[in-house]
Each structure stands twice: as C-alpha cells, then as structure tokens.
Amino acid sequence: MMQSLAETFVHGATLQGFSIDWTSASALQLDLYCDAFMAGELSPTSRWTGRPTKDYIHTMVMSMGAYLGELLVRNGGGRWAYDIEQNNACVDLDNDLRIWPHNKVFKRLTIGPEHSLAPYYHYGLTQEVLDGSIAREWTDDTKPS
C-alpha cells in the first residue's frame, strides 16, 4: 500500500513540475514542494488552488509520507512496519533506526520549515545530524519501543 501511495505522489509531483524520482537527490525537492503546496502555488494541473484544506493536507501527509518512507527503504534498506503503540506506519531501517515519515511530513506542513524533510532523510540514512537541523534525543523513558 505505501509503495502505491508513494508512486502516486511521484507521478503527481512530476506533473506539477517537480523533479521527483527514486534517487536521494529528490529528497532535496521535498521542502520546496511543501512550501509550494502550503502556499497554493502548484501548477494549474492541480485539482485545487489557494491554501489547502485539512482534507488536502491529510492527503498530502499520506502520499508524501509514503514517498519519504519508500525513498528511505529503497536507498537505505529496510522495510515498512506498523507500530502498534504509536498507531502509525513506520519504517524499520537496516541501520536499526525506526522512523515515522508521515509524522515528519505532518510537522513540516503544519508547523513549518524547522521540520525540514531533507535533513530528516539524511539522518535516516546516516544517523548524522546536519548543522542547523533539529534532532530529537531519545532517553530510555521517551524512546519508542
């Protein structure tokens, strides 16, 4: 299911003029896409204009989150899983990191650029925090199991 949603996102973003594919370079396009989406500046091929409604934000969280997760699976190894405690889809990466790409996309769209997706992608692959990005430090009490 997530792979199908991700492919739908790639198709739609490409139609709207964004260079989105399955390479790591595409992760750099995601923040630009988020900005255009929230500003209502996507191409006329979009089914709506103006600021997105809650329903469109939810649709974007699902499709872009699936894309971000699938991009990590394809380029970093791992698999989709379901976290029962978090009640959410997640990605278990081969580097023993569990991430929730839909949550990150939701934060990027509703909170803003401080939740940039490109550094999140980089961290998922390398576990390296880029300068200027925010990384959440887990303690034994707050770490999801």
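Small disclaimer: the values here were computed from a predicted structure and weren't measured. Each residue is numbered by its place in its chain's sequence as written, counting from 1. Given that the model is predicted, a residue must reach a pLDDT of at least 70 before its local features are reported, and side-chain atom pairs must reach 80 or more before they are shown or counted; all residues, however, enter totals for whole chains, interfaces and linings. For the side-chain quantities, the full set of heavy atoms in the structure was used; hydrogens and water were omitted.

Colleague: Now, about the overall build of the protein chain: what can you tell me, with residues and values included?
Modeller: Secondary structure is summarised from DSSP: a helix means a run of H or I of at least four residues, a strand means a run of E of at least two, and numbering begins at the N terminus for each. When you go through the protein chain residue by residue, the secondary structure sums to 5 helices and 3 strands. Helices and strands appear in the protein chain in the N-to-C order α-α-α-β-β-β-α-α. Expressed as a percentage of its 145 residues, the buried residues of the protein chain come to 44%. For the protein chain, the accessible area works out to roughly 8300 Å², and carbon and sulfur atoms hold 52% of it. Only protein chains enter the accessibility calculation, which uses a 1.4 Å probe. A residue is then buried if its area is under 20% of the maximum for its type, exposed if over 50%, and partly exposed in between. Per-residue and other accessible areas follow the Shrake-Rupley method at a 1.4 Å probe size, with only the shown protein chains counted as cover for residues.

Colleague: Explain the pattern of salt bridges to me, and be specific about the residues and the numbers.
Modeller: Any Lys or Arg side-chain nitrogen found within 4 Å of a carboxyl oxygen on Asp or Glu counts as a salt bridge. For the coordinates displayed, the defined rule picks out 7 salt bridges. Among the ionic pairs, Asp-35 bridges to Arg-108, the shortest N-O distance being 2.7 Å. Pair noted here: Asp-35 is in helix 2 (residues 27-39) and Arg-108 is in helix 4 (residues 101-110), with a separation of 73 residues, a long-range link. Judged by its relative accessible area of 4%, Arg-108 falls in the buried class. Shared partners join several salt bridges into a network, and the residues in it are Arg-79, Asp-83, Asp-92 and Arg-98.

Colleague: Residue-level account of the side chain of Ser-116, with values.
Modeller: Along the chain, Ser-116 falls in the loop between helix 4 and helix 5 (117-126). Polar contact is defined as a pair of N or O atoms within 3.5 Å, subject to the rule that within protein one atom must be able to donate a hydrogen and the other to accept it, and that residues adjacent in sequence are counted only when both atoms are side-chain atoms. Side-chain polar atoms of Ser-116 contact the side chain of Asp-31, separated by 2.6 Å. Excluding residues within four positions of it along the chain, Ser-116 makes contact with Asp-31, Lys-104 and Arg-108. Whether two residues are in contact is decided by their heavy atoms, any of which lying within 4.5 Å being enough.

Colleague: Mind laying out helix 3 (residues 54-76), listing which residues take part and the relevant values?
Modeller: With 23 residues, helix 3 should reach 33 Å at 1.5 Å per residue; the first-to-last C-alpha distance of 31 Å fits that figure. Immediately beyond the C-terminal end of helix 3, within one or two residues, lies Gly-77, with a positive phi of roughly 80°. Any helix carries an expected span of 1.5 Å times its number of residues minus one.

Colleague: I'd love a proper account of the packing of helix 2 against helix 3, names of residues and values included.
Modeller: The geometry of a pair of packed helices is captured by two quantities: the angle between their axes and the separation between those axes. Axis geometry follows a simple rule: fit a line to the C-alpha atoms, using only the stretch in contact for helices, then measure angles between N-to-C directions, giving values from 0 to 180 degrees. One can describe the packing of helix 2 onto helix 3 by two numbers: an axis separation of 12 Å at closest approach and a directional angle of 175°. One finds that helix 2 runs roughly antiparallel with respect to helix 3. On helix 3, the residues touching Ala-27, Leu-30, Tyr-33, Cys-34, Phe-37 and Met-38 of helix 2 are Tyr-56, Ile-57, Met-60, Met-64, Tyr-67, Leu-68 and Leu-71. Classification convention: Asp, Glu, Lys, Arg as charged; Ala, Val, Leu, Ile, Met, Phe, Trp, Tyr, Cys, Pro as nonpolar; all other residues, Gly among them, as polar. Among the residues forming the contact of helix 2 with helix 3, the class breakdown is 13 nonpolar, no polar and no charged. For classification, angles of less than 35 degrees are called roughly parallel, those exceeding 145 degrees roughly antiparallel, those between 65 and 115 degrees roughly perpendicular, and all remaining angles oblique.

Colleague: Tell me about the environment of Ser-4, and please be specific about residues and values.
Modeller: Note on placement: Ser-4 falls in helix 1 (residues 2-15). It is 9.1 Å that separates the C-alpha atoms of Ser-4 and Tyr-67, two residues lying 63 residues apart in sequence.

Colleague: Any details on the confidence of the model for the protein chain? Residues and values, ideally.
Modeller: Here the protein chain averages 87 in pLDDT, while 86% of its residues score no lower than 70. The predictor's confidence in any single residue is recorded as pLDDT, a number from 0 to 100. The least confident element of the protein chain, judged by mean pLDDT, is helix 2 at 93; the most confident is helix 4 at 97. Note on residues 137-145: pLDDT is under 50 here. Beyond four places in sequence and across chains, it has 8 contacts.

Colleague: Requested: an account of the nonpolar core, with residues and values cited.
Modeller: Take the buried Ala, Val, Leu, Ile, Met, Phe, Trp, Tyr and Cys residues and link them wherever side-chain atoms come within 4.5 Å; each set so joined is a nonpolar core. Counting 35 residues, the largest nonpolar core has Phe-9, Ile-20, Leu-30, Tyr-33, Met-64, Tyr-67 and Leu-109 as the members making the most contacts within it. Those elements that place two or more of their residues in this core are helix 1, helix 2, helix 3, strand 2 (88-93), helix 4 and helix 5. At 10 residues, the largest contribution of residues to this core is made by helix 3. Each residue touching Met-64, except ones within four places of it in the same chain, is listed here: Phe-9, Leu-30, Tyr-33, Cys-34, Val-105 and Leu-117.

Colleague: Give a detailed account of the pairing of strand 1 (residues 78-83), specifying residues and quantitative values.
Modeller: Pairing between strands is defined by DSSP: at least two bridges between the two strands are required. In this sheet, strand 2 lies alongside strand 1 in antiparallel orientation, the contact comprising 6 bridges. Across the sheet, Arg-79 pairs through a bridge with Asp-92, a residue of strand 2. Turn length for the strand 1-strand 2 hairpin, with the two strands adjacent in sequence and antiparallel, is 4 residues, and the turn residue Asn-87 shows positive phi of about 55°.

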